[in-house]
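Letter by letter, the chains look like this.
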Amino acid sequence: MNTRNTTNNDWLFEITPKNKFFSLNLKEVWQYRDLLFLFVKRDIVTVYKQTVLGPLWYLIQPLFTSITFTIIFNTVAGIGTGTVPPFLFNLAGITVWNYFTACLTGTSDTFRSNASIFGKVYFPRIIVPISIVISNLLKFGIQCGIFIVFYLFYYFQGADISLNPSVLLFPVLIVIMGVLGLGLGMFISSLVTKYRDFNYLIGFGVQLLMYLSAVMYPMELIKQKLPSYGWLVEYNPLAYLIETARYMLLGVGEISVLGLGYTLLVTIGVFFIGLLVFNKTEKSFIDTV
């Protein structure tokens, strides 16, 4: 399909079969940026449509989860959080974790949920998962707002908490989290087109992964209490992201430069593998969905 500019006879767009196994055509994505913004708007509107509480659901979920974790893990199990109030400790971890899970679960069903659109019109398919990652920033921003409210409450109550100067790099941490969720989501979405079972395993897998990502406990604790199984957390890149986020926001724990370097390498690798599989699947998925 070609589109000719009648004024100077130059081709504006040229749509040809993709021959490359790996292709991240940022120029083409930029040309379709208006469509990207429309998908972002669609993702935001459909969440609020026909709901009673609307965006308040974004506040209810992390609050009730933090309260549950505080009762079970801190009060009953006796897991200590140092000088940081347990509720705030859990809320910080859950807020960051929720952004990753929203990106992962949202992008993991890209082909199946958008098959009707993909089968009718051409546009860069990667726009859809990217739009999900961007739209989830709104949800993350709302949950960050509730975290700030409770942070200020505990701060003026005299809690020993402080923002670390490294908090200026917090947006970089969130970008890494989003790219990791995007890469995993694209990979899983490609598998779901042929094997529907993966769609049912995502919910269970995400819950299991949360317990291995140091969301409700410090990384150091698992090394002390369960040294034989500590490697499960140490080799989990998400654990370093959660731990670093708490250090930036609350001044608790530590930043592992080696761990973050490992996390960055894993994130890049997962994204490229996800993109490779995504590009291969988009050529023939319409026959299997």
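Anything mentioned here points back to the structure above.
My aim in this report is to walk through the structure given alongside it, one point at a time. (Residues numbered from 1 in each chain as written. Predicted model: local features only at pLDDT ≥ 70, side-chain atom pairs only at ≥ 80, totals over all residues. Heavy atoms only, no water.)

Moving on to the packing of helix α8 (residues 170-192) against helix α13 (residues 257-281). The interhelical angle for the contact between α8 and α13, taken along N-to-C directions, is 35 degrees, at an axis separation of 7 Å. With respect to the hand of their crossing, α8 and α13 are arranged in left-handed fashion. Mapping the contact onto sequence places Leu 173, Ile 176, Val 179, Leu 180, Leu 182, Gly 183, Leu 184, Met 186, Phe 187 and Ser 190 in α8 and Leu 260, Thr 263, Leu 264, Thr 267, Val 270, Phe 271, Ile 273, Gly 274, Leu 275, Val 277, Phe 278 and Thr 281 in α13. A per-class count over the contact of α8 with α13 returns 16 nonpolar, 6 polar and no charged. (Axes fitted to C-alpha atoms, helices over the stretch in contact; angles between N-to-C directions. Helix = DSSP H or I, 4+ residues; strand = E, 2+ residues; numbered from the N terminus. Left-handed = near helix turned anticlockwise from the far one by under 90°. Contact = heavy atoms within 4.5 Å. Nonpolar A, V, L, I, M, F, W, Y, C, P; charged D, E, K, R; others polar.)

Take the packing of helix α7 (residues 127-156) against α8 next. At a closest axis distance of 10 Å, the pairing of α7 and α8 adopts a crossing angle of 135 degrees. As far as their axial angle goes, α8 and α7 are oblique. The two elements α7 and α8 meet at a crossing, and its hand is right-handed. Between α7, through Pro 129, Ile 130, Val 133, Leu 137 and Phe 140, and α8, the contact on the second element is made entirely by Phe 170, Ile 174, Gly 178, Leu 182 and Met 186. When its residues are assigned to classes, the contact of α7 with α8 shows 9 nonpolar, 1 polar and no charged. (Parallel < 35°, antiparallel > 145°, perpendicular 65-115°, else oblique.)

To continue, consider a nonpolar patch on the surface. A grouping of Leu 226, Tyr 229, Trp 231, Leu 232 and Tyr 235 is seen on the molecular surface, where their side chains present a nonpolar patch of about 570 Å² in accessible area. Structurally, Trp 231 can be placed in helix α11 (residues 230-234). (Patch = residues over 30% accessible without salt bridge, like charges linked within 9 Å, V, L, I, M, F, W, Y side chains within 5 Å. Areas by Shrake-Rupley, 256 points an atom, 1.4 Å probe, with all protein chains shown as cover. Salt bridge = Lys/Arg side-chain N within 4 Å of Asp/Glu carboxyl O.)

Turning our attention to the environment of Asn 199. Within the fold, Asn 199 resides in helix α9 (residues 197-211). For the pair Asn 199 and Thr 105, spaced 94 residues apart in the sequence, the C-alpha separation amounts to 9.2 Å. In this view, Asn 199 contacts Asp 109, Arg 112 and Val 192; residues no more than four positions away in its chain are not counted.

Each aromatic ring pair is characterised by the separation of its centres together with the angle its planes make. The full count for this structure, using the stated rule, is 13 aromatic pairs. For the ring pair Tyr 235 and Tyr 262, a centre distance of 6.5 Å and an interplane angle of 80 degrees mean the geometry is edge-to-face. Note that Tyr 235 is positioned in the loop between α11 and α12 (237-250) and Tyr 262 in helix α13, a separation of 27 residues in sequence. What makes Tyr 235 exposed here is its relative accessible area of 58%. Residue classification places Tyr 262 among the partly exposed positions, given a relative accessible area of 29%. Among the aromatic side chains, those forming a connected cluster through ring pairs are Phe 69, Phe 73 and Tyr 211. Cation over ring: Arg 33 sits above Trp 30, and NZ or CZ is 4.2 Å from the ring centre. (Phe/Tyr/Trp six-rings, centres within 6.5 Å; stacked < 30°, edge-to-face > 60°. Buried < 20%, exposed > 50% of the residue type's maximum accessible area, 1.4 Å probe, protein only. Lys NZ or Arg CZ within 6 Å of the ring centre and 35° of its normal.)

Another point: α7. Between its terminal C-alpha atoms α7 stretches 44 Å, which fits the 44 Å expected from 30 residues at 1.5 Å a residue. At the C-terminal side of α7, Gly 158 shows a positive phi close to 95 degrees. (Expected span 1.5 Å × (residues − 1).)

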